[in-house]
Amino acid sequence: MISMSSILSSRSGLILFFLCLVPLATAYLDQGDYLLRICSTAYLYMLLALGLNVVTGFTGLLDLGYVGFYLIGGYTAGLLMARLGWSYWAALPVAAIHGGLWGLLRGAPTLRLTGDYFAIVTFGFSELLFRIVKNEEWLIGGPNGFVNDIPAPTLFGYELWQYWQQYYHILILLILTLLVVYRLHNSRIGRAWQAISQDEEAAQTMGINLHEYKSLAFAISAAIGAIGGAFFAQFQVNISAGVFEFWESILILCMIVLGGIGTLKGALIGAAILGSLGEVLRISLSWMRLPADSRYLIFGAILVMMMRFRPAGILRSTQKSP
Amino acid sequence: MTLFLEQIVNGLVLGGIYALIAVGYTMVYGVIQLINFAHGEIFMFGAYFTFLCLAVLKFPLWLAVLASILLCALMGVVIDLIAYRPLRNAPRLSALITAIGISLILQNLARMIWGAEPRRDLANAKSAFLSQTVIIPGGAQLSYLDLSIIILAILLMVGLNRLISLTRIGKAMRACAQDKMAASLMGIDTNRVIGATFAIGSALGAVAGIMVGMRETIEPTMGYYKGVAAFAAAVLGGIGNITGAMLGGVVLGIAEVLGAGYISSGYRVAISYILMILVIVFRPAGLLGRASAKRA
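Given the structure is predicted, the values throughout are model-derived calculations rather than measurements.

**Observations regarding unusual backbone geometry**
It is generally the case that most residues other than glycine have a negative phi and that most peptide bonds are trans.
Residues and elements named next belong to chain B.
Right, so step 1: The backbone of Gln33 sits at a positive phi, close to 50°, despite the residue not being glycine.
Right, so step 2: The residue Gln33 is located in the loop between α1 (2-32) and α2 (39-55) in this model.
Right, so step 3: Of note in the backbone geometry, Lys58 takes a positive phi value of approximately 55° without being a glycine.
Right, so step 4: With respect to the helices, strands and loops of the structure, Lys58 is situated in the loop between α2 and α3 (61-84).

Below, the structure written as structure tokens:
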């Protein structure tokens with residue numbers, strides 16, 4: 001586990017240490033719970049950005065429907081917990097596997113086609129899912145989704161519903177995801193993905209099985225999205241279709257573009273910035289009497305500007321972007 | 001039977017509109033292999049520009065329509081110039097992400113300027129002549145507006161086909177679509193050809209936007225919903241194939257109206273996604289494309 005020590009090198013360890021202390025500090029603030037909520041949301045987006053980065057960053061295929069797996073995870077966990085009374089700890093892995101399977105299925109038809117077709121299928125897939133959960137009222141109880149139906153997870157008899165508990169909950173999920181993705185990135189598999197993103201034909205000539213490695217990326221990426229969704233379901237208590245619109249996929253895409261496509265640090269930093277900026281913009285835009293949706297104008301501008309002037313991300317990492 | 005006939009007619013009108021938008025996607029894709037997500041937004045601006053010319057500048061209807069078409073053509077060219085051209089040699093992913101960014105910017109700009117609520121100004125501004133209806137054989141009613149949309153769509157499509165197959169610029173476009181490098185070696189100014197492609201596609205998109213504005217309402221999200229459907233039509237016909245886009249538009253228009261009428265209106269929008277995914281799974285080259293699946 002030498003490589004693990006490098007990610008948890010002194011600086012990363014220090015950051016982690018401070019992140020763990022945040023709830024202690026906010027306990028003394030008036031708006032402490034609100035701050036913790038923003039932090040938890042930012043961590044959730046960081047987790048999602050890591051997941052999207054596996055496909056769009058590592059293999060270089062544009063995923064325009066990542067929110068679909070977020071939706072699958074959310075509704076799978078929500079249905080299992082609220083309707084069948086499952087424990088969260090059982091629903092979470094089932095949601096992840098369910099998401100992963102859909103990731104495989106969704107990617108399958110595009111394996112032999114160009115990346116453009118992948119982008120189209122991903123887009124159509126998530127929009128279709130969105131329509132289904134919006135229309136099939138019997139499934140989830142109407143366009144309003146679950147209404148305060150999803151129970152809090154319990155651990156050793158304690159219900160984890162307080163903000164500081166949720167904070168540690170998502171922080172742990174994020175760190176575990178980061179470890180998995182980091183290990184993958186620096187493995188044979190990660191190098192194969194990089195080779196695919198740079199030149200599919202050359203990679204194939206070198207003996208990389210394109211279908212296998214791409215499918216693996218699809219499944220892992222989807223499973224991470226579904227884990228995010230499962231967390232989100234119990235975090236929000238009620239989820240509804242409106243959360244899973246197309247723009248949410250674009251927001252997550254914007255995060256990894258801002259930080260630098262294909263790098264873990266980039267995904268984390270981009271998501272941390274935009275995940276918390278979203279909240280700030282929501283408030284500041286209403287001060288300026290602009291509709292909250294106009295924050296997407298800023299996200300659009302970020303996409304265009306980054307591609308034009310800093311395609312490798314704001315950090316301009318030494319690692320070449322795909 | 002009358003209802004069925006009316007729905008077929010409705011589908012044809014919608015199909016004509018989709019076809020007009022879809023050729024814009026497919027022409028650009030054919031020339032620079034870019035899914036121009038901003039095209040739906042240009043379509044939307046076509047409607048808003050007309051509304052602007054009518055309401056603020058007090059232009060007569062014909063002049064407003066003409067001005068809007070020209071403005072949209074210009075807009076298409078400018079978007080290509082400032083956003084896509086600098087990325088011509090960058091990875092494909094960069095241009096695709098830029099296109100999404102431009103689309104987001106334009107859609108939210110429209111929302112900030114004109115508000116999110118649907119407007120009926122264009123529908124109210126159409127002349128009394130267009131509001132008349134005619135009974136076609138079989139008993140279905142058809143408004144003059146719908147009739148003129150069908151006729152205009154056919155005329156424009158035929159005109160576009162002539163343009164592509166007979167004129168000098170059309171020949172240059174076909175050359176660029178086949179091989180940009182070879183075309184530029186033959187002395188074709190590829191940037192000019194790409195600009196012309198954007199101008200023509202955007203102008204046709206603007207016409208469609210004005211039609212939708214007169215038939216339904218104008219709102220900032222119209223470009224997104226109609227744009228996605230039209231893009232599905234382009235995929236259905238075989239992306240890059242202009243005749244295919246026209247056929248795909250008509251097929252999708254009829255499928256959408258029949259699906260909404262006989263299956264479920266809640267899934268009206270979803271029909272285009274379903275068709276799009278089915279085509280990619282079973283026949284990625286589209287209805288009229290060559291049967292070989294392209295590889296990167």
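From this point on, the discussion continues.
**Notes on the pattern of salt bridges**
Right, so step 1: Applying the stated criterion across every chain yields a total of nine salt bridges over all chains.
Right, so step 2: Note that Arg92(B) is salt-bridged to Asp116(A), the shortest N-O span being 2.4 Å. Taken together, the residues Arg92(B) in helix α4 (residues 92-114) and Asp116(A) in helix α6 (residues 115-135) connect one chain to another.
Right, so step 3: Accessibility expressed as a relative area gives 6% for Asp116(A), which makes it buried.
Right, so step 4: Asp146(B) is paired through a salt bridge with Arg215(B); the nearest N and O atoms lie 2.8 Å apart. Highlighted residues: Asp146(B) in helix α7 (residues 144-166) and Arg215(B) in helix α10 (residues 190-215), separated in sequence by 69 residues.
Right, so step 5: Residue Arg215(B) is classed as partly exposed on the basis of its relative accessible area of 22%.
Right, so step 6: Connected through shared salt-bridge partners, Asp146(B), Arg215(B), Glu216(B) and Lys226(B) make up one network.

**A closer look at the interface of chain B and chain A**
The accessible area lost on association of the parts is a frequent measure of interface size.
Right, so step 1: Listed as interface residues are 45 residues of chain B and, on the opposing side, 46 residues of chain A.
Right, so step 2: Summed over both sides, the interface between chain B and chain A buries roughly 4,100 Å², with carbon and sulfur atoms accounting for 74% of that surface.
Right, so step 3: Counting every contact that joins chain B to chain A gives five residue pairs in polar contact (both at pLDDT 80 or more).
Right, so step 4: If you list the elements that add at least two residues to the side of chain B that touches chain A, you get α4, α11 (222-237) and α13 (270-282) of chain B.
Right, so step 5: The element that contributes the greatest number of residues to the side of chain B that touches chain A is α4(B), accounting for 16 residues.

**Brief notes about the side chain of Ser126(A)**
Residues and elements named next belong to chain A.
Right, so step 1: The topology assignment puts Ser126 in helix α6.
Right, so step 2: Overall, Ser126 belongs to the buried group, its relative accessible area being 2%.
Right, so step 3: Leave out the neighbours within four places in its chain, and Ser126 touches Leu64, Gly65, Val67 and Gly68.

**Re the packing of aromatic side chains**
Right, so step 1: This model, assessed by the stated rule, comprises 29 aromatic pairs over all chains.
Right, so step 2: Ring plane angle 45° and centroid distance 5.3 Å describe the contact between Tyr70(A) and Phe232(A), whose orientation is recorded as tilted. With Tyr70(A) in helix α4 (residues 67-82) and Phe232(A) in helix α11 (residues 210-236), this residue pair connects regions lying 162 residues apart in the sequence. One exposure class covers both Tyr70(A) and Phe232(A), and it is buried.
Right, so step 3: Pairwise contacts between aromatic rings join Phe123(A), Phe246(A), Trp247(A), Tyr296(A), Phe299(A), Tyr224(B), Tyr225(B) and Tyr273(B) into one cluster.

**What to know about the packing of helix α13 (residues 264-287) of chain A against helix α14 (residues 295-309) of chain A**
Residues and elements named next belong to chain A.
Right, so step 1: One can describe the packing of α13 onto α14 by two numbers: an axis separation of 10 Å at closest approach and a directional angle of 140°. Comparing the axis directions of α13 and α14 gives the class oblique. Residues Leu274, Gly278, Leu281, Arg282 and Leu285 of α13 form the contact with α14, whose own contacting residues are Arg295, Ile298, Phe299 and Ile302.
Right, so step 2: Class assignment for the residues of the contact of α13 with α14 results in six nonpolar, one polar and two charged.

**Observations concerning a nonpolar patch on the surface**
Right, so step 1: Nonpolar side chains collect at one region of the surface, where Leu14(A), Phe17(A), Phe18(A), Leu21(A) and Leu24(A) lie side by side and expose about 520 Å² of accessible area between them.
Right, so step 2: Along the chain, Phe17(A) turns up in helix α2 (residues 10-26).

**Overview of helix α12 (residues 242-262) of chain B**
Residue and element names in this part refer to chain B.
Right, so step 1: Compared with the 30 Å implied by 1.5 Å per residue over 21 residues, the 30 Å span of α12 between its first and last C-alpha is a close match.
Right, so step 2: Residues of α12 that are buried: Ile242, Gly244, Ala245, Met246, Gly248, Gly249, Leu252, Gly253, Glu256, Val257, Gly259 and Ala260.
Right, so step 3: The inward-facing, buried residues of α12 abut α1, α7, α11 and α13.
Right, so step 4: Two or three places before Thr243, at the start of α12, stands the capping residue Asn241, its side-chain oxygen 3.2 Å from that residue's backbone nitrogen.

**Observations regarding helix α12 (residues 246-259) of chain A**
All names here are of chain A.
Right, so step 1: Taking 1.5 Å per residue, 14 residues should reach 20 Å; α12 reaches 21 Å between its end C-alpha atoms and fits that length.
Right, so step 2: Judged by how many residues are buried, α12 sits mostly within the fold: 14 of 14 residues are covered.
Right, so step 3: Within two residues after α12, Gly260 carries a phi angle of roughly 115°, on the positive side.

**Quick word on the confidence of the model for chain B**
Residues and elements named next belong to chain B.
Right, so step 1: Residues with a pLDDT of 70 or more make up 97% of chain B, whose mean pLDDT is 88.
Right, so step 2: Low confidence marks residues 291-296, where pLDDT is under 50. Its contacts with residues over four positions away, or in another chain, come to 17 contacts.
Right, so step 3: Among the scores for the predicted complex, ipTM is 0.87 and pTM is 0.87.

**Observations regarding the environment of Thr177(A)**
Residues and elements named next belong to chain A.
Right, so step 1: For Thr177, the location among the structural elements is in helix α8 (residues 163-185).
Right, so step 2: The buried category is assigned to Thr177, whose relative accessible area is 9%.
Right, so step 3: Taking the C-alpha atoms as reference, Thr177 lies 9.9 Å from Met46; in sequence the two are 131 residues apart.
Right, so step 4: Those residues within four positions of Thr177 in sequence are excluded, and the remaining contacts are Leu47, Leu50 and Ile224.
Right, so step 5: Within the local environment of Thr177, its side chain forms a polar contact with the backbone oxygen of Leu173, the two atoms lying 2.7 Å apart.

**Structural notes on the side chain of Ser197(A)**
Residues and elements named next belong to chain A.
Right, so step 1: Looking at where Ser197 falls in the secondary structure, it is placed in helix α9 (residues 188-198).
Right, so step 2: On the accessibility criterion, Ser197 (19% relative accessible area) is buried.
Right, so step 3: Here Gln194 takes part through its backbone oxygen, which lies 2.9 Å from a polar atom of the side chain of Ser197.

**Quick notes on the confidence of the model for chain A**
If pLDDT is low for a region, its predicted coordinates should not be looked at in detail.
Right, so step 1: Of all residues in chain A, 92% have pLDDT values of 70 or greater, and the mean over the chain is 84.
Right, so step 2: Ignoring residues within four places in sequence, the model shows residues 317-322 of chain A, a span with pLDDT below 50, making twelve contacts including any to other chains.

Conventions adopted
Residues numbered from 1 in each chain as written. Chains lettered and ligands numbered in written order. Predicted model: local features only at pLDDT ≥ 70, side-chain atom pairs only at ≥ 80, totals over all residues. Heavy atoms only, no water. Helix = DSSP H or I, 4+ residues; strand = E, 2+ residues; numbered from the N terminus. Salt bridge = Lys/Arg side-chain N within 4 Å of Asp/Glu carboxyl O. Buried < 20%, exposed > 50% of the residue type's maximum accessible area, 1.4 Å probe, protein only. Contact = heavy atoms within 4.5 Å. Buried area = accessible area lost by both parts, 1.4 Å probe. Polar contact = N/O pair within 3.5 Å; in protein donor to acceptor, adjacent residues only side chain to side chain. Phe/Tyr/Trp six-rings, centres within 6.5 Å; stacked < 30°, edge-to-face > 60°. Axes fitted to C-alpha atoms, helices over the stretch in contact; angles between N-to-C directions. Parallel < 35°, antiparallel > 145°, perpendicular 65-115°, else oblique. Nonpolar A, V, L, I, M, F, W, Y, C, P; charged D, E, K, R; others polar. Patch = residues over 30% accessible without salt bridge, like charges linked within 9 Å, V, L, I, M, F, W, Y side chains within 5 Å. Areas by Shrake-Rupley, 256 points an atom, 1.4 Å probe, with all protein chains shown as cover. Expected span 1.5 Å × (residues − 1). pLDDT = per-residue confidence, 0-100.

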